[in-house]
Amino acid sequence: MAHFHIVLHEPEIPANTGNIGRTCAATGTSLHLIEPLGFKINEKALKRAGMDYWDRLDVTTYIDYRDFLERNPGAKIYYASTKAPRMYTEVEYEDGCYIMFGKESAGIPEEILWENRDTAIRIPMLEETRSLNLGNSAAIILYEALRQHGFEKMTGTGHLRSRPW
């Protein structure tokens, strides 16, 4: 089964991180959080954000972007941004690759995007739209990566399988 990594660069809203965490838990995807975070990762905060599945999640935190790069040398990273030149569907997502998203208020810093413009990707949308919700964006791109790998070992819940459709 292909394994992917979602990276949140300085996420600010715990509910968004919770939604992304749930998606990661449901798909066997690792979650990486680059500090500073806009919230605390403790039992009370996690419960309030509805992250009761946090213990089933492979999550790693980093003190900053440099720490992330040092602890993941040679990682293939795709940088999701509304400023990216290439659409997310124009990429072949490799097993083990990382997909990074920026904080809700500002996205990934432009200097990081500029240095990595060859692997910067975007979700197409109307120009007058600022951006999609962070959780939605992560799900859209992650599921494209999973689709490219045939949704290996993913079957869903199968509640309606007993009926002949």
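The coordinates are above.
These lines cover the structure that appears in this document, whether it is placed above or below. Keep in mind it's a predicted model, so treat the numbers as computed, not measured.

## What about the pairing of strand E6 (residues 98–101)?
For a regular strand, side-chain orientation follows a simple rule: the groups alternate between the two sheet faces. Residues of E6 alternate between two faces, with Tyr98 and Met100 on one and Ile99 and Phe101 on the opposite face, all of them buried. Two strands pair when backbone bridges link them, and strand E1 (residues 5–9) and E6 are joined in this way by four bridges, in the parallel orientation. Across the sheet, the residue bridging to His5 is Tyr98, located in E6. Both strand E4 (residues 77–80) and E6 contribute to a ladder of three bridges, which runs parallel. The residue of E6 that forms the bridge with Tyr78 is Ile99.

## Quick look at the sheet that holds strand E2 (residues 30–34)
Two orientations exist for strands paired in a sheet by backbone hydrogen bonds: parallel and antiparallel. Spatially, E3-E2-E1-E6-E4-E7-E5 is the arrangement adopted by the seven strands of the open sheet, whose pairing is parallel. Looking along the sheet, the strands with just one partner apiece sit at the ends: strand E3 (59–62) and strand E5 (86–87). Each of E1 and E2 touches helix H1 (residues 14–27); the most contacted strand, E2, lies at about 155 degrees to it. Contacting E1, E4, E6 and strand E7 (120–122), helix H5 (residues 134–148) crosses the sheet at an angle of about 165 degrees to E6.

## Focus on the packing of aromatic side chains
Tallied over the full model, the rule gives five aromatic pairs. A ring pair is formed by Phe68 and Tyr98, whose centres lie 5.7 Å apart and whose planes are at 75 degrees; its orientation type is edge-to-face. Of this pair, Phe68 sits in helix H3 (residues 65–71) while Tyr98 sits in strand E6, placing them 30 residues apart in sequence. Each member of the pair Phe68 and Tyr98 is classed as buried. Taken together, a centroid distance of 6.2 Å and an interplanar angle of 40 degrees make the contact between Tyr143 and Phe151 tilted. Classification of Tyr143 as partly exposed rests on a relative accessible area of 34%. Within the aromatic cluster, the residues linked to one another by ring pairs are Tyr62, Tyr65, Phe68 and Tyr98.

## Details of unusual backbone geometry
Residues Glu35 and Pro36 are joined by a peptide bond in cis, for which omega reads 5 degrees. Position of Pro36 relative to the elements: it lies in the loop between E2 and helix H2 (43–48). Backbone geometry at Phe151 places phi at a positive 50 degrees, although glycine is not the residue there. Looking at where Phe151 falls in the secondary structure, it is placed in the segment after H5. Here Phe151 falls in the partly exposed class, since its relative accessible area comes to 32%.

## Quick notes on H1
In this model, H1 (14 residues) spans 20 Å end to end at C-alpha, consistent with the 20 Å of a helix rising 1.5 Å per residue. Turning to H1, its buried residues are Asn16, Thr17, Gly18, Ile20, Gly21, Thr23, Cys24 and Thr27. Of the surrounding elements, those touching the buried residues of H1 are E1, E2 and H5. Phi turns positive, to about 70 degrees, at Gly28, one or two residues after H1.

## Considering the pattern of salt bridges
The full count for this structure, using the stated rule, is four salt bridges. Here Asp67 ties to Arg71 by a salt bridge, and the two come within 3.1 Å at their closest N and O atoms. In this pair, Asp67 and Arg71 are both assigned in helix H3, four residues apart and thus about one turn of the helix distant. Relative accessible area serves as the criterion here: at 14%, Asp67 is assigned to the buried category. Residue Arg71 is classed as partly exposed on the basis of its relative accessible area of 45%. Salt-bridge contacts for Glu144 lead to Arg147; the nearest nitrogen and oxygen are separated by 2.8 Å. Of this pair, Glu144 and Arg147 are both found in helix H5, three residues apart, which corresponds to roughly one turn of the helix. Residue Arg147 is classed as partly exposed on the basis of its relative accessible area of 44%.

Each value, and the rule that gives it
Residues numbered from 1 in each chain as written. Predicted model: local features only at pLDDT ≥ 70, side-chain atom pairs only at ≥ 80, totals over all residues. Heavy atoms only, no water. Buried < 20%, exposed > 50% of the residue type's maximum accessible area, 1.4 Å probe, protein only. Helix = DSSP H or I, 4+ residues; strand = E, 2+ residues; numbered from the N terminus. Pairing = 2+ DSSP bridges. Contact = heavy atoms within 4.5 Å. Axes fitted to C-alpha atoms, helices over the stretch in contact; angles between N-to-C directions. Phe/Tyr/Trp six-rings, centres within 6.5 Å; stacked < 30°, edge-to-face > 60°. Expected span 1.5 Å × (residues − 1). Salt bridge = Lys/Arg side-chain N within 4 Å of Asp/Glu carboxyl O.

Nothing here speaks to function; it is all geometry.
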